Amino acid sequence: MSMDKFRYDGKRVLVCGAASGMGEATVQILADLGAEIYALDVKEMSLPAKKTIRMDLRDRASIDGALAEVGGPIHALFSCAGVAGTPFSPLDLMLINFVGARHLIESAAESMMPAGSAIACISSIGGLGWQDNLETIMDLLATSDFEGGRKWVEEKVATGPKLGEEPAFANYAFSKQVTDVYCMRRSHAFIQQGIRINATAPGPTQTPLMEATPGWQIFMGGEFKDKLGRDGSTAEEQGYPLVFLNSDAASSISGHVLTVDAGYVGGALTNAFPSMLLAGRQQQSG
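In this report, the structure presented in the accompanying data block is examined.

Some details on the nonpolar core
Part 1 of the reasoning: The biggest cluster of nonpolar side chains holds 51 residues, and the ones touching the most others in it are Leu104 and Ile119.
Part 2 of the reasoning: When residues in this core are grouped by element, the largest group, eleven residues, is from helix 3 (residues 90–109).
Part 3 of the reasoning: Residues within four places of Leu104 in sequence aside, it is in contact with Cys16, Leu40, Met55, Leu57, Ile63, Leu67 and Leu77.

A few points about the pattern of salt bridges
Part 1 of the reasoning: For the coordinates displayed, the defined rule picks out eleven salt bridges.
Part 2 of the reasoning: Ionic pairing is found between Glu36 and Arg12, a salt bridge with its closest N-O pair at 3.1 Å. With a gap of 24 residues between them, Glu36 in strand 2 (residues 36–41) and Arg12 in strand 1 (residues 12–16) connect regions that are remote in the sequence.
Part 3 of the reasoning: Relative accessible area serves as the criterion here: at 12%, Arg12 is assigned to the buried category.
Part 4 of the reasoning: With a closest N to O distance of 3.0 Å, Asp56 and Arg58 form a salt bridge.
Part 5 of the reasoning: One connected set of salt bridges, linked through shared partners, spans Asp56, Arg58 and Asp92.

What to know about unusual backbone geometry
Part 1 of the reasoning: Cis geometry marks the peptide bond from Gly72 to Pro73; its omega dihedral reads 0 degrees.
Part 2 of the reasoning: You can see Pro73 is positioned in the loop between helix 2 (60–70) and strand 4 (76–79).
Part 3 of the reasoning: Even without being a glycine, Ala262 presents a positive backbone phi close to 60 degrees.
Part 4 of the reasoning: With a phi angle near 60 degrees, Asn271 is a residue other than glycine that sits in the positive phi range.

Focus on the environment of Ile122
Part 1 of the reasoning: Note on placement: Ile122 falls in strand 5 (residues 117–122).
Part 2 of the reasoning: Sequence separation between Ile122 and Leu242 is 120 residues, and the spatial gap between their C-alpha atoms is 7.9 Å.
Part 3 of the reasoning: Beyond its immediate sequence surroundings of up to four residues, Ile122 is in contact with Met22, Ser79, Cys80, Lys176, Thr200, Pro202 and Leu242.

A closer look at the pairing of strand 2
Part 1 of the reasoning: Of all six residues in strand 2, five are buried; the element is thus mostly enclosed.
Part 2 of the reasoning: Direction of pairing for strand 1 relative to strand 2: parallel, over a ladder of five bridges. The partner of Val13 across the bridge, within strand 2, is Ile37.
Part 3 of the reasoning: Read as a crossover between parallel neighbours, the route from strand 1 over helix 1 (residues 21–32) to strand 2 is right-handed.
Part 4 of the reasoning: In this structure, strand 2 lies alongside strand 3 (residues 51–54), joined through four bridges in parallel fashion.

Brief notes about the packing of aromatic side chains
Part 1 of the reasoning: Counted by the stated rule, this structure contains five aromatic pairs.
Part 2 of the reasoning: Between Tyr8 and Phe78, the aromatic rings sit 6.3 Å apart at their centres with planes inclined by 50 degrees, giving tilted as the arrangement. Placement of Tyr8 in the segment before strand 1 and of Phe78 in strand 4 is noted, with a sequence separation of 70 residues between them.
Part 3 of the reasoning: With a relative accessible area of 0%, Tyr8 lands in the buried category.
Part 4 of the reasoning: According to the relative accessible area criterion, Phe78 is buried, its value standing at 0%.
Part 5 of the reasoning: An aromatic cluster is present here, built from Trp152, Phe169 and Phe174 joined pairwise through their rings.
Part 6 of the reasoning: Sitting over the face of the ring of Tyr8, Lys11 holds its NZ or CZ atom 5.3 Å from the ring centroid.
Part 7 of the reasoning: Arg186 extends its terminal NZ or CZ atom over the ring of Phe190, reaching a point 4.2 Å from the ring centre.

About the cut-offs
- Residues numbered from 1 in each chain as written.
- Predicted model: local features only at pLDDT ≥ 70, side-chain atom pairs only at ≥ 80, totals over all residues.
- Heavy atoms only, no water.
- Core = buried A, V, L, I, M, F, W, Y, C linked by side-chain atoms within 4.5 Å.
- Buried < 20%, exposed > 50% of the residue type's maximum accessible area, 1.4 Å probe, protein only.
- Helix = DSSP H or I, 4+ residues; strand = E, 2+ residues; numbered from the N terminus.
- Contact = heavy atoms within 4.5 Å.
- Salt bridge = Lys/Arg side-chain N within 4 Å of Asp/Glu carboxyl O.
- Pairing = 2+ DSSP bridges.
- Right-handed = clockwise from strand over helix to strand, strands pointing away.
- Phe/Tyr/Trp six-rings, centres within 6.5 Å; stacked < 30°, edge-to-face > 60°.
- Lys NZ or Arg CZ within 6 Å of the ring centre and 35° of its normal.

The following block contains the structure:
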């Protein structure tokens, strides 16, 4: 049995959100596996990539320009960009975490190889409970392009219901719920083109995003944190499953959201230990 299917020799790959965190770790792993890497981010980058391209997911023209620089063919796309809360507005958050990311994926798919190509997105365990909001999520997914998605979000920010101080349908958790459903639903049409799409759902991970959002660390509190002995996974530990999903070794996996959290969600949802995650789910469903 050959291990070549785990490698990326001869493959042209895009990594969006490559400047730091899981995206940066993914670039480093892909470089070791022989990929030809095009790194995309709004920030400056110093990475082992064939080309680094500045791109802003809040701007359709910026996305289109970046893809024009990359050209084709594209064998794999890694959608790793994501933000949470301050200093980003609810509109900016949704544009980065979903609307712009979707436009990048749909546009890049036009240049992807007709068989054997793949897309992997980074979601979050924060996307748990998407079933409770499925009707609203499907309404957003029914928008067909960047402008339609932006208008939908603007309306929800202006007139939609609130979840505490945040718009109920324009916040971090909702953006990840939409990502999960998008990957699952879109997989059927994409596989007809020979394209697979999956996502990982990381638990708390030691990245700049987690450092900038200290409230996330509450999910690693109590017994689970004591047993694990640290504040979540490393970015590299999240990068490896993501790279696997876009490799030929995962050729039969599509439409799947892979939880990568050292068993936290499973333990929380089966009452193995007290958890804020379980309490939050009970509150949503209650």
